[in-house]
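Listed below are the residues making up each chain.
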Amino acid sequence: FPIISLLQAPFVSFGIFLVLFTFVTRNPSFSRFVRFNTLQAIYVDIALIFPQLIGSVNKSMGVPQGLAETCSNTVFYAAMGCIIYSVVNNIAGKYPNEIPLISESVDSQMPF
């Protein structure tokens with residue numbers, strides 16, 4: 001698909017982040033529900049950067065394959081858990097505000 005190759009271009013994901021953060025999460029014309037979910041998705045994406053950084057350092061340090069796979073699976077299951085939890089709560093019409101650390105940060109950034 002051509003859209004996938006477009007998303008892999010340099011700085012496209014950063015541009016999408018800036019557009020969402022500036023024009024959706026800070027725009028009071030959108031409902032708080034949409035702004036909350038958008039900001040939470042951004043924070044989950046930022047939180048997934050850290051395991052990638054640690055994984056790249058671990059490859060150069062020679063971490064055992066079994067430990068690396070276990071950690072990779074744990075990050076994957078945690079991310080999928082956040083996504084499934086958020087989708088189920090959105091379908092039910094509730095705020096998905098029980099993700100530790102991330103939901104608290106989003107609440108503190110959303111005063112209105």
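Structure first, text after, so check above.
Residues numbered from 1 in each chain as written. Predicted model: local features only at pLDDT ≥ 70, side-chain atom pairs only at ≥ 80, totals over all residues. Heavy atoms only, no water.

**Q** Honestly, the overall build of the protein in this entry has me stumped. Any pointers?
**A** A count of helical and extended segments in the protein gives six helices and zero strands. When the helices and strands of the protein are read in sequence order from the N terminus, they spell out α-α-α-α-α-α. Looking at the protein residue by residue over its 112 residues, the buried ones come to 19%. Expressed as a percentage of contacts within the protein between residues at least 6 apart in sequence, the contacts between residues at least 24 apart total 58%. Looking at the protein as shown, the accessible area adds up to about 8100 Å², and 71% of this sits on carbon and sulfur atoms. Counting 5 positive and 5 negative side-chain charges, the protein places the centres of these two groups 9 Å from one another. (Helix = DSSP H or I, 4+ residues; strand = E, 2+ residues; numbered from the N terminus. Buried < 20%, exposed > 50% of the residue type's maximum accessible area, 1.4 Å probe, protein only. Contact = heavy atoms within 4.5 Å. Areas by Shrake-Rupley, 256 points an atom, 1.4 Å probe, with all protein chains shown as cover. Lys, Arg positive; Asp, Glu negative; His and termini not counted. Charge placed at Lys NZ, Arg CZ, Asp CG, Glu CD.)

**Q** I tried to follow the environment of P51 on my own but got confused; where do I start?
**A** Along the polypeptide, P51 turns up in helix 4 (residues 49–61). What makes P51 partly exposed here is its relative accessible area of 29%. Along the backbone, P51 and V75 are 24 residues apart, and their C-alpha atoms lie at a distance of 7.4 Å.

**Q** Hey, could you run me through the layout of surface pockets in this one?
**A** One way to see where empty space is left: roll a probe the size of a water molecule over the atoms. The space that makes up the largest pocket amounts to roughly 420 Å³. As for the largest pocket, its lining consists of 17 residues, and the residues nearest its centre are P51, G55, N58, A68 and S72. Looking at the lining of the largest pocket residue by residue, the class counts come to nine nonpolar, seven polar and one charged. (1 Å grid on protein atoms, 1.4 Å probe; cavity = no way out; pocket = protein on both sides within 12 Å on 5 of 7 lines; lining within 4 Å. Points joined across faces, edges and corners; volume = space filled by probe spheres on them. Nonpolar A, V, L, I, M, F, W, Y, C, P; charged D, E, K, R; others polar.)

**Q** What is the right way to look at the packing of aromatic side chains in this model?
**A** What characterises a pair of aromatic rings is the spacing of the ring centres plus the angle enclosed by the ring planes. Scanning the entire structure with this criterion turns up five aromatic pairs. Where F17 meets F21, the ring centres are 5.9 Å apart and the plane angle is 20 degrees; that geometry is what we call stacked. Within this pair, F17 and its partner F21 are both found in helix 2 (residues 12–25), separated by four residues, close to a single helical turn. Each residue in the set F14, F17 and F21 is aromatic and connected to the rest through ring pairs, giving one cluster. Note that R32 overlies the ring of Y95, its terminal NZ or CZ placed 5.7 Å from the centroid. (Phe/Tyr/Trp six-rings, centres within 6.5 Å; stacked < 30°, edge-to-face > 60°. Lys NZ or Arg CZ within 6 Å of the ring centre and 35° of its normal.)

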